[in-house]
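So you can see what is in the structure, the chains are spelled out below.
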Amino acid sequence: MNYSPNIFIKKYFKIIALIIVIFSAFISIYSLIQAVKWIERPFPGFLLYRNLIVAEVSLSHWTGYKGDLKSYDKIVDLDGRMISSADEVYSIVTNEPISTPINYTISRGNRLITLTIPTMKFELVDFLLIFGAVYFVGVVFLIIGILVYYLKPNLDSSKVFLMACFSIGFWFISIFDTQSTYSLYNIPFLGLVIAPAFFIHLAFVFPSKKKDHSIILFSYLLCFLLVILHKLYFNSQNIWVRAERLFWLYVLFSASIFLISIIITYLKSSFALDKQRAQVILVGSFMGFFLPALGAVILVLFRFSNLNNLAIPVIFFPISVAYAIVKHKLFDIDVIIKKTLVYGSLTGVVVGVFGLMVIAFNVAFANYGGWRNPLFFIILSVFLVIALNPLKNRIQDLIDLTFFRKRYDYRRTIEEMSSTLTSLLNLDEIADKVINSVEQTMFSNSVSLIILNESSGAYQIYATSGNPGGVSGPVIKEDCELISLLNRSKKEIFKEDLIADERYIVHKDELMKVFNNFNAALFIPLFFKEQLIGILSLGEKKSGLLYTSEDIKLLRILANQSAIAIENAFAYKLVEDYAKKLEGANKELRETQAQLIQSEKMSAVGQLAAGIAHEIRNPLNIIEGARYYLSQMISGENSKIIGEYLDYIKSEIDRTNRLIDNLLKFSKVGPQHFELVDINNILEDTLTLLRKQLSDNNIRLITNFNYQIPKIMGDLNQLWQVFINILINAIQAMPQYGELRIDTGLYYGNQDRIFISFKDTGLGIDEKDLPKIFNPFFTTKDIGTGLGLSISYKIVEEHKGRIIVSSEKGRGSIFILELPVSYSNKGGEDDREQKSLSS
């Protein structure tokens, strides 16, 4: 049979819940006001329903109880007068003096019996025992049901639990009205009759859902039949009493169904959470539901009038169910037992000390008032202030060592592991230590360390139990809902949360898939400075038990220590890699500098070769001309020998010319490769190479790059060589300390030209030397070839730009490069300017 566990349409249930809240508040206040009116009022010594049937509640000192009046007896007449309603009985008794004997004719079964019962006053104690107890229980039911619903509004169990608490709470609160003022007529009976069906329904949706809901439908139909019987035969004593007894049997039936359902869940459920919930509810349902229902059936069947005595134990039932619904995880029976033992023992010790002190003072200070002497209270207060907390700690240590020794092993393991983690810098060793410690401490089926891979942005298994290091497996993407939840809550997430907590309902399927992929029952986040750097994944415990709150507390400590250790390992690896890269960069820089020096030398050689070739080729041409004319003029007997020598001279001249051609080819600059280049990027790359020289010379570098300037057409390698030459000259001009400022921007705002400015605070250039600085081989330094600025000038010139130099001896120099954005072959500025920097 297809029957939905949801009785009400979800979209309307919030309105229903609001109505329940308002009605509960109203009925609670109204019933209390009506009941208070009975205090100090004369009454018959028993209570009646509207149909004149004696109620099942009574007290031992009531005159009706003493007068052999039994529950379900029916009043026929009073002092010989026929009675038609319970209101009439109460009205007559109210007008009689207290203790006035009144003769009642009652119907008991098929007999009529006459009893004389004196009137009595309804005292405050009667009010508290008859009304107060059941009223308190009813208010507790209403409050608990409302709180559970508003804490967990999306759960089916909280909705059904609200309806169950409302129905039974309404009956408890207003039951006195059905036996006294009758202002609510018979409406409270509806709450009592339908409550068992709601509790049967609850058993099929919590702690685990059952598929067969035919029993739920049957329970509601049975409630409907009982309501009809109650209504139709309200004034028929025999049928109404039988229906009442049938109802209490139905209550016992619903309690039995609930209890059996909980036992089945405990024995057969594969979820540890369901088992623990069932264990908790089992205690509450047995003490607060089944036993009171069984007691009620016995009292009703044997016509005892003490039904009100069963109200207080009922309170255990809603509390246990509510706690299991709201606190769906970490319901630690062992923790509660431990605290109960600690504080129970502490109370016993304090009471014992108090008793001994009373005896001692009564003996020692018998003539001074004994324990009533003010000194007694002073000593007792001092004892409580000084000794209470240490005494509690000693008792807790004793109980821990006696009953919870395993918890001490947990704590010691975590402390040892924390001290070990602080000394490890290798990530593999850290992962191995974390996994082994958790596995040996928590006895989990599987433990995995999941770490963020910053290059891919995903969380991957780094190590797992039984296979540390080098593990491949599922990944958790950064946009996964699990990562979002961990970042928001910064707390652990249980697999059972997905079933029991409404926060995860929307993404339940996605999250469940992640848990299953990692064979996980629990995810513990690893945070370092608010960043989720990893996750600790734990499977189910091998024992089948749940993780306790103490387990989670220790795992959080472990997670914090692990996160710090992992981050330290990352930092150490980063420093180690950076050191290797820096060493490689330094080596490359040294090689590059050697290549630059060699390049300058080779460039100088090329220029020298070109000059020498020119000078040598002229005389060679003359020699060749002379050889030719001599070859035309020779004759005679020596002509052959002379011709051979002349041919030899020609051969050597040709060989020398070939050598000169090769030297001229060598002196020519290679082909240029023009492309769009970013001047700022080239400068940044250049400064990276020279960072060490700047640091060694204590030079403060200031850069003011305009990143909005356009790219230009240029040869990247040649421009890089220009910047290297200028910067090395600036560094060498500041051997001990100084300041180097580099600016880029548009040349006087012109969008077609840019500038690069190099300003140093070095030795400066003599005014007489400024015109010579771009000449090949000119230098005032002990090192270098004097070709750097000459080559730089030629490169800038070929880029259709120019170099502007300003310098002052002892103050520093400014080199400004002006370059066009676009390249043109039509020529450019060949001018060079040297300007003196005024003081």
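Now for a description of the structure that goes with this document. (Residues numbered from 1 in each chain as written. Predicted model: local features only at pLDDT ≥ 70, side-chain atom pairs only at ≥ 80, totals over all residues. Heavy atoms only, no water.)

**Quick look at the overall build of the protein**
Phase 1: When helices and strands are tallied, the protein shows 22 helices and 20 strands.
Phase 2: Within the protein, the proportion of its 839 residues that are buried is 46%.
Phase 3: On the protein, roughly 43,400 Å² of surface is accessible, and the fraction owed to carbon and sulfur atoms is 60%. (Helix = DSSP H or I, 4+ residues; strand = E, 2+ residues; numbered from the N terminus. Buried < 20%, exposed > 50% of the residue type's maximum accessible area, 1.4 Å probe, protein only. Areas by Shrake-Rupley, 256 points an atom, 1.4 Å probe, with all protein chains shown as cover.)

**A few points about the environment of P292**
Phase 1: In this structure, P292 sits in helix α9 (residues 272-301).
Phase 2: On the accessibility criterion, P292 (8% relative accessible area) is buried.
Phase 3: Considered as a pair, P292 and A311 are 19 residues apart in the sequence and their alpha carbons are 7.7 Å apart.
Phase 4: Not counting chain neighbours up to four residues away, the residues in contact with P292 comprise F286, M287, L310, P313 and V314. (Contact = heavy atoms within 4.5 Å.)

**Considering the side chain of K74**
Phase 1: As for its position among the elements, K74 is in strand β2 (residues 74-78).
Phase 2: A distance of 3.2 Å separates the side chain of K74 from the backbone oxygen of N235, its partner in a polar contact.
Phase 3: If sequence neighbours within four positions are ignored, K74 has contacts with N51, L52, I53, T105, I106, S107, N235 and Q237. (Polar contact = N/O pair within 3.5 Å; in protein donor to acceptor, adjacent residues only side chain to side chain.)

**Things to note about the sheet that holds strand β11 (residues 522-528)**
In a beta sheet, neighbouring strands pair by backbone hydrogen bonds and run either parallel or antiparallel.
Phase 1: Here six strands make up an open sheet; going across it, the order is β9-β8-β7-β12-β11-β10 and the pairing antiparallel. This sheet does not close on itself; its edge strands, each paired only once, are β9 (475-477) and β10 (493-494).
Phase 2: Sheet topology note: the β10/β11 ladder contains two bridges and is antiparallel. Counted as the bridge partner of I493 is F523 from β11.
Phase 3: Sheet strands in contact with helix α17 (residues 508-517) are β9, β10 and β11, and its direction is about 90° off that of β11. (Pairing = 2+ DSSP bridges. Axes fitted to C-alpha atoms, helices over the stretch in contact; angles between N-to-C directions.)

**Quick notes on the sheet that holds β2**
Phase 1: Taken in spatial order, the four strands line up as β3-β2-β4-β5 in an open sheet, and their pairing is antiparallel. Looking at the sheet topology across the chains shown, the edges are occupied by β3 (81-82) and β5 (111-118).
Phase 2: Alignment of β2 against strand β4 (residues 101-108), held across four bridges, turns out to be antiparallel. Bridge pairing in β4 links K74 to S107.
Phase 3: Helix-sheet contacts for helix α3 (residues 86-94) involve β2, β3 and β4, and the interaxial angle to β4 is about 165°.

**Details of unusual backbone geometry**
Phase 1: Of note, the amide linkage connecting F206 to P207 takes the cis form, showing an omega dihedral of 5°.
Phase 2: Here P207 is to be found in the loop between α6 (187-203) and α7 (214-232).
Phase 3: Although it is not a glycine, K529 sits at a positive phi angle of roughly 50°.
Phase 4: Note that K529 resides in the loop between β11 and β12 (531-538).
Phase 5: For K529, a relative accessible area of 72% puts it in the exposed group.
Phase 6: Unusually for a residue other than glycine, E530 sits at a positive phi of about 70°.

**So, the packing of α7 against helix α8 (residues 237-268)**
Phase 1: Interhelical geometry of α7 versus α8 gives an angle of 160° and a closest axis separation of 10 Å. If you check the angle between α7 and α8, you find them roughly antiparallel. Crossing hand, α7 versus α8: left-handed. Residues S219, L222, C223, L226, L229 and H230 of α7 pack against W240, A243, L246, F247 and Y250 of α8.
Phase 2: Classifying every residue of the contact of α7 with α8 by side-chain character gives nine nonpolar, two polar and no charged. (Parallel < 35°, antiparallel > 145°, perpendicular 65-115°, else oblique. Left-handed = near helix turned anticlockwise from the far one by under 90°. Nonpolar A, V, L, I, M, F, W, Y, C, P; charged D, E, K, R; others polar.)

**A look at helix α14 (residues 427-442)**
Phase 1: Its 16 residues place the ends of α14 22 Å apart at the C-alpha level, agreeing with the 22 Å of an ideal helix rising 1.5 Å per residue.
Phase 2: For α14, the complete set of buried residues consists of L427, I430, A431, V434, I435, S437, V438, T441 and M442. Along the axis of α14, the buried residues cluster in a sector spanning 165°; they form a single face.
Phase 3: Phi for F443, located one or two positions after α14, is positive at around 55°. (Expected span 1.5 Å × (residues − 1). Arc of directions from axis to C-beta.)

**Some thoughts on a nonpolar patch on the surface**
Phase 1: Where nonpolar side chains cluster on the molecular surface, the patch consists of L246, L249, V283, F286, M287, L291, L294, I298, L301, F302, F304 and F316 and spans about 1,100 Å² of accessible area.
Phase 2: Counting residues per element, the nonpolar patch draws most heavily on α9, which supplies seven residues.
Phase 3: When you line up the elements, F302 lands in the loop between α9 and α10 (316-326).
Phase 4: On the basis of relative accessible area, F302 is assigned to the exposed category, the value being 56%. (Patch = residues over 30% accessible without salt bridge, like charges linked within 9 Å, V, L, I, M, F, W, Y side chains within 5 Å. Salt bridge = Lys/Arg side-chain N within 4 Å of Asp/Glu carboxyl O.)

**Some points on the nonpolar core**
Phase 1: L47, L48, Y104 and W248 are the most contacted members of the largest nonpolar core, which has 114 residues in total.
Phase 2: Of the residues forming this core, the biggest block, 13 residues, is contributed by helix α4 (residues 124-151).
Phase 3: Those residues in contact with L48, other than ones at most four positions away along the chain, are I53, V54, A55, I75, A86, V89, Y90, T178, Q179, S180 and Y182.
Phase 4: Counting 40 residues, the second-largest nonpolar core is a separate cluster that includes I709, L719, A730 and I795. (Core = buried A, V, L, I, M, F, W, Y, C linked by side-chain atoms within 4.5 Å.)

**So, the side chain of T63**
Phase 1: For T63, the position within the fold is in helix α2 (residues 63-66).
Phase 2: Relative accessible area serves as the criterion here: at 16%, T63 is assigned to the buried category.
Phase 3: At 3.4 Å, the side chain of T63 and the backbone oxygen of P44 are in polar contact.

**Some words on the packing of aromatic side chains**
Phase 1: Applying the stated criterion across every chain, the model contains 42 aromatic pairs.
Phase 2: Each ring, one from F141 and one from F172, has its centre 6.0 Å from the other, and the planes form 15°; the classification is stacked. With F141 in helix α4 and F172 in helix α5 (residues 156-174), this pair connects stretches of sequence that are 31 residues apart. With respect to burial, F141 and F172 carry one shared label: buried.
Phase 3: Counting every residue linked through ring pairs, the aromatic cluster contains W38, F43, W62, Y90, F122, F127, F131, Y135, F176 and Y182.
Phase 4: Seen from the ring of F13, K159 lies directly overhead, with NZ or CZ sitting 5.9 Å from the centre. (Phe/Tyr/Trp six-rings, centres within 6.5 Å; stacked < 30°, edge-to-face > 60°. Lys NZ or Arg CZ within 6 Å of the ring centre and 35° of its normal.)

**A word on the packing of α6 against α7**
Phase 1: Following both chains from N to C, one finds α6 and α7 inclined at 170°, their axes separated by 8 Å at the closest point. Relative to α7, α6 is oriented roughly antiparallel. Facing F189, L190, V193, I194, A197, F198, I200 and H201 of α6, the residues of α7 in contact are I215, I216, S219, Y220, C223, L226, V227 and H230.
Phase 2: Residue classes in the contact of α6 with α7 are distributed as 13 nonpolar, three polar and no charged.

**A word on the environment of K759**
Phase 1: Following the sequence through the fold, K759 ends up in strand β17 (residues 750-760).
Phase 2: When the C-alpha atoms of K759 and I742 are compared, they prove to be 6.5 Å apart, with 17 residues separating the residues in sequence.
Phase 3: In this structure K759 touches E739, L740, R741, S813 and I814, once residues within four positions along its chain are discounted.

**A look at the environment of Q460**
Phase 1: As for its position among the elements, Q460 is in strand β8 (residues 458-464).
Phase 2: When its relative accessible area of 31% is taken as the criterion, Q460 is described as partly exposed.
Phase 3: The spacing of Q460 and L449 is 11 residues in sequence and 8.4 Å in space, taken between C-alpha atoms.

**Observations regarding the pattern of salt bridges**
Phase 1: Applying the stated criterion across every chain yields a total of 13 salt bridges.
Phase 2: Here K121 ties to E40 by a salt bridge, and the two come within 3.3 Å at their closest N and O atoms. Residue K121 is located in strand β6 (residues 120-122), and its partner E40 is located in the loop between α1 (10-36) and β1 (41-43); the two are separated by 81 residues in the primary sequence.
Phase 3: Residue K121 is classed as partly exposed on the basis of its relative accessible area, which comes to 29%.
Phase 4: Residue classification places E40 among the partly exposed residues on the basis of a relative accessible area of 44%.
Phase 5: In this structure, the salt-bridge partner of K490 is E530, at a minimum N-O distance of 3.6 Å. One end of the pair, K490, is in the loop between α15 (481-489) and β10; the other, E530, is in the loop between β11 and β12, with 40 residues separating them in the sequence.
Phase 6: When its relative accessible area of 37% is taken as the criterion, K490 is described as partly exposed.
Phase 7: For E530, a relative accessible area of 60% puts it in the exposed group.

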